[in-house]
Amino acid sequence: MGIKWHKSENGAQTPAAETKQNGGKNWKVAFSTGMGSDTTIEAQTVKDKGKAKEPENPKKEGHVFGGWFKDDKLTEAYDFKTPVTSDITLYAKWTADSGNGAAGGTNGGNAGGAN
C-alpha cells in the first residue's frame, strides 16, 4: 500500500495525511515596507499553523528599520514565532535617522590654538 496523494488548490500534490492534518490550507504573509523604501519583499506562502520566515531588514534612505508590525498604525509588534492561521500583512516601522556622528565635530571646536 503506497502513500495517498491529494491535489491542493494550486495543483501541488501533498500526502493525504498532511492534507488531513492542516486541511490543505495555506496562508499568504505579505510585507508592506511603505513609501520610499528601497526594498521590495516577496510575500510568503505558509502552511496553516506554520511560521513565517523573518526577511532581511528592508532599507529606506534616511531611516532606520524598527521592526515588523501586525497593524498599519504600528502599535502591535509581530513575533515570527507565532503560528499563521490567516492571511496577514506585516508593516515595516521606520524612524528618521538622526545621523549621529555623521556630521559631528564641526561646531564649537577649538582650532588647536592655546588660549
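Residues numbered from 1 in each chain as written. Predicted model: local features only at pLDDT ≥ 70, side-chain atom pairs only at ≥ 80, totals over all residues. Heavy atoms only, no water.

J.: Go over the pairing of strand β6 (residues 88-96) with me, naming the residues and quoting the values.
T.: Strand direction decides the pairing type here: strand β3 (residues 26-32) and β6, joined by 4 bridges, are parallel. Directly across from Ala30, in β6, lies its bridge partner Thr89. (Pairing = 2+ DSSP bridges. Helix = DSSP H or I, 4+ residues; strand = E, 2+ residues; numbered from the N terminus.)

J.: Before we move on, could you go through the sheet that holds strand β4 (residues 44-47) and cite the residues and values that matter?
T.: Read from one edge of the open sheet, 4 strands run β4-β3-β6-β5, paired in mixed fashion. At either margin of the open sheet sits one strand with a lone partner, and together these are β4 and β5 (63-69). Pairwise comparison of adjacent strand axes, ignoring direction, gives a mean angle of 25° for this sheet. (Axes fitted to C-alpha atoms, helices over the stretch in contact; angles between N-to-C directions.)

J.: Tell me about the nonpolar core, residues and numbers included.
T.: Ranked by internal contacts, the top residues of the largest apolar core, which has 14 residues, are Val29, Phe31, Trp68, Phe80, Val84 and Leu90. When residues of this core are traced back to their parent elements, those giving at least two are β3, β5 and β6. (Core = buried A, V, L, I, M, F, W, Y, C linked by side-chain atoms within 4.5 Å. Buried < 20%, exposed > 50% of the residue type's maximum accessible area, 1.4 Å probe, protein only.)

J.: Quick rundown of the pairing of β3? Include the residues and the values.
T.: Regular strands show a simple pattern: their side chains alternate between the two faces of the sheet. As judged from the 4 bridges shared by β3 and β4, these two strands associate in the antiparallel manner. Of the residues in β4, the one forming a bridge with Val29 is Gln44.

J.: Would you mind going over the side chain of Ser37 in detail, with residue names and values included?
T.: Topologically, Ser37 is positioned in the loop between β3 and β4. Judged by relative accessible area, Ser37 falls into the buried class, the value being 19%. Separated by 3.1 Å, the side chain of Ser37 and the backbone nitrogen of Thr39 make a polar contact. (Polar contact = N/O pair within 3.5 Å; in protein donor to acceptor, adjacent residues only side chain to side chain.)

J.: How would you sum up unusual backbone geometry? Please name residues and give values.
T.: Negative phi values dominate among residues other than glycine, just as trans dominates among peptide bonds. We note that Lys49 has phi near 70°; this positive angle belongs to a residue other than glycine. With respect to the secondary-structure elements, Lys49 resides in the loop between β4 and β5. A residue is classified by how much of its surface remains accessible, and Lys49, at 58% relative accessible area, is exposed.

J.: Can you explain the environment of Lys51? Please cite residues and give values.
T.: Mapping Lys51 onto the fold places it in the loop between β4 and β5. C-alpha of Lys51 to C-alpha of Thr85: the two residues are 34 residues apart in sequence and 9.4 Å apart in space. Apart from the residues within four sequence positions on either side, Lys51 is in contact with Val46, Phe80, Lys81, Thr82 and Pro83. (Contact = heavy atoms within 4.5 Å.)

J.: Pulling in residues and values, what's your account of the confidence of the model for the protein?
T.: For the protein, the average pLDDT comes to 80, and 66% of its residues sit at 70 or higher. With pLDDT under 50 throughout, residues 101-115 is counted as low confidence; its partners more than four residues away or in other chains account for 0 contacts. (pLDDT = per-residue confidence, 0-100.)

J.: Lay out the packing of aromatic side chains with the relevant residues and their values.
T.: In this description, a pair of aromatic rings is defined by centroid distance and the angle of the planes. One pass over the full model with this rule turns up 4 aromatic pairs. Taken together, a centroid distance of 5.0 Å and an interplanar angle of 90° make the contact between Tyr78 and Phe80 edge-to-face. Its relative accessible area of 11% is what places Tyr78 among the buried residues. In this structure Phe80 comes out as buried when scored by relative accessible area, which is 12%. Ring-pair connections join several aromatic residues into one group, and the members of that group are Phe31, Phe65, Trp68 and Trp94. (Phe/Tyr/Trp six-rings, centres within 6.5 Å; stacked < 30°, edge-to-face > 60°.)

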